[in-house]
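# Secondary and tertiary structure notes
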Amino acid sequence: MPTASNGSVSLYYDRAGEGAPVVFVPEAGLGGWLWGWQHAAVAGPYEAVVWDLRGTGRSDAPPGPYSLETLVNDLEAVLADCEIRNAHLVGCGLGGAIALEAARTSNRVATLTLFGTAAQGSDFDLEPLFAPPDDPDALRESLFAGLSEDFLAAQPGVCDGIVDWRADGDADRNSWEAQVAALADFDASDWLVEVTQPTRVFHGGADELVSPTAGQELAQGLPRGEFHDFEGAGHLCFIERSRTVNDLLLGFLEGQTDDDE
């Protein structure tokens, strides 16, 4: 089982494929299953790396609260263990905030692709997405916070799979609270201009956890930010619109890797 270490904390990750590395950073409390739809599309033409935040899945769960700096250092540990010098980061929610901070403070970040992300912690309302991993009914009910009713009604089999994956890999209450504590003082408003990497900001038009307006403002504040919304999709729009998202992500990555050659 591949792991990286940040001090005494062991961080589980999975890697597959060859080529330029694409590193996925999950939402608070959610395991690496979250990126299964993108992993399948990316691994092959690129190297896909998915890791569990501390407190989630097969990573260690030390007592919290966790700071954003600590989570960024965890990301750095994963990149170093994989010997990645330049990564394309893909993050959602808290994962997007981690990616933004890493882009500002690290020389390992080539591009950013952000989903359901805002520039201020006060714009995140992630509580409705949490459910105890040992409560299947609560896990299923909380999906309504992250996915649209239309998707849930049309894809019952996918929802069953997500509930099983969450039961196996999501964070418990203490670890979830430790993770979201990293957003308490998060405010990138004054330093977005320092994030000069090409950035795509994607947002579900029906996101109830982070408003699309906040995502649009984030993109506008970034020197090389572009905004794209998916009408009617929820916070986890990359699951709902996976085919479209994957096409856009691969097109973006291809454009950037071509520019680097």
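Below: a short report on this structure. (Residues numbered from 1 in each chain as written. Predicted model: local features only at pLDDT ≥ 70, side-chain atom pairs only at ≥ 80, totals over all residues. Heavy atoms only, no water.)

## Some words on the pattern of salt bridges
Summed over all chains, the structure comprises 10 salt bridges. Residue Arg108 is joined to Glu76 by a salt bridge in which the shortest nitrogen-to-oxygen separation is 3.0 Å. Taken together, the positions of Arg108 in the loop between α3 (94-105) and β6 (109-115) and Glu76 in helix α2 (residues 68-81) put the pair 32 residues apart, joining distant regions of the chain. On the basis of relative accessible area, Arg108 is assigned to the partly exposed category, the value being 21%. Where Arg200 meets Glu226, a salt bridge forms, and the shortest distance between an N and an O atom there is 3.1 Å. With a gap of 26 residues between them, Arg200 in strand β7 (residues 199-204) and Glu226 in strand β8 (residues 225-230) connect regions that are remote in the sequence. With relative accessibility at 46%, the residue Glu226 sits in the partly exposed group. Connected via shared salt-bridge partners are Glu101, Arg104 and Glu194. (Salt bridge = Lys/Arg side-chain N within 4 Å of Asp/Glu carboxyl O. Helix = DSSP H or I, 4+ residues; strand = E, 2+ residues; numbered from the N terminus. Buried < 20%, exposed > 50% of the residue type's maximum accessible area, 1.4 Å probe, protein only.)

## Regarding the packing of α2 against α3
Interhelical geometry of α2 versus α3 gives an angle of 75 degrees and a closest axis separation of 9 Å. By the angle between their axes, α2 is roughly perpendicular relative to α3. Taking contact as the criterion, the partners of Leu68, Leu71, Val72 and Leu75 in α2 are, on α3, Leu94, Ala97, Ile98, Glu101, Ala102 and Thr105. Here the contact of α2 with α3 is built from residues that sort into eight nonpolar, one polar and one charged. (Axes fitted to C-alpha atoms, helices over the stretch in contact; angles between N-to-C directions. Parallel < 35°, antiparallel > 145°, perpendicular 65-115°, else oblique. Contact = heavy atoms within 4.5 Å. Nonpolar A, V, L, I, M, F, W, Y, C, P; charged D, E, K, R; others polar.)

## Looking at the packing of aromatic side chains
Applying the stated criterion across every chain yields a total of 10 aromatic pairs. For the ring pair Phe202 and Phe230, a centre distance of 5.8 Å and an interplane angle of 35 degrees mean the geometry is tilted. Of this pair, Phe202 sits in strand β7 while Phe230 sits in strand β8, and the two are 28 residues apart along the sequence. Summarising the burial analysis for this pair, Phe202 and Phe230 share the class buried. These aromatic residues form a ring-pair network of at least three members: Phe24, Trp35, Phe115, Phe202, Phe230 and Phe238. Over the ring of Tyr12 we find Arg58; its NZ or CZ atom is 4.0 Å from the centre of that ring. The ring centre of Trp191 lies 4.2 Å from the NZ or CZ of Arg104, which sits over that ring. (Phe/Tyr/Trp six-rings, centres within 6.5 Å; stacked < 30°, edge-to-face > 60°. Lys NZ or Arg CZ within 6 Å of the ring centre and 35° of its normal.)

## Things to note about the pairing of β6
Regular strands show a simple pattern: their side chains alternate between the two faces of the sheet. Counting buried residues in β6 gives seven out of seven residues, a clear majority hidden from the surface. Sheet topology places strand β5 (residues 87-92) next to β6; six bridges connect them, and they run parallel. Bridging across to β6, His88 finds its partner in Thr111. For the crossover from β5 across α3 to β6, the handedness is right-handed. Both β6 and β7 contribute to a ladder of four bridges, which runs parallel. (Pairing = 2+ DSSP bridges. Right-handed = clockwise from strand over helix to strand, strands pointing away.)

## Some remarks on the packing of helix α4 (residues 136-146) against helix α6 (residues 156-169)
Two quantities define a packed helix pair, namely the angle between the axes and the distance from one axis to the other. For the pair α4 and α6, interaxial distance at closest approach is 9 Å and the crossing angle is 125 degrees. With respect to each other, α4 and α6 are oriented oblique. Handedness of the α4/α6 crossing: right-handed. Residue-level inspection shows Pro136, Leu139, Arg140, Ser142 and Leu143 of α4 in contact with α6, the latter providing Cys159, Asp160, Ile162, Val163, Arg166 and Ala167. (Left-handed = near helix turned anticlockwise from the far one by under 90°.)

## Observations concerning a negative patch on the surface
On the surface, Asp134, Asp135, Asp137 and Asp172 cluster together into a negatively charged patch. Of the residues examined, Asp137 reaches a relative accessible area of 64% and is grouped as exposed. (Patch = residues over 30% accessible without salt bridge, like charges linked within 9 Å, V, L, I, M, F, W, Y side chains within 5 Å. Areas by Shrake-Rupley, 256 points an atom, 1.4 Å probe, with all protein chains shown as cover. Lys, Arg positive; Asp, Glu negative; His and termini not counted. Charge placed at Lys NZ, Arg CZ, Asp CG, Glu CD.)

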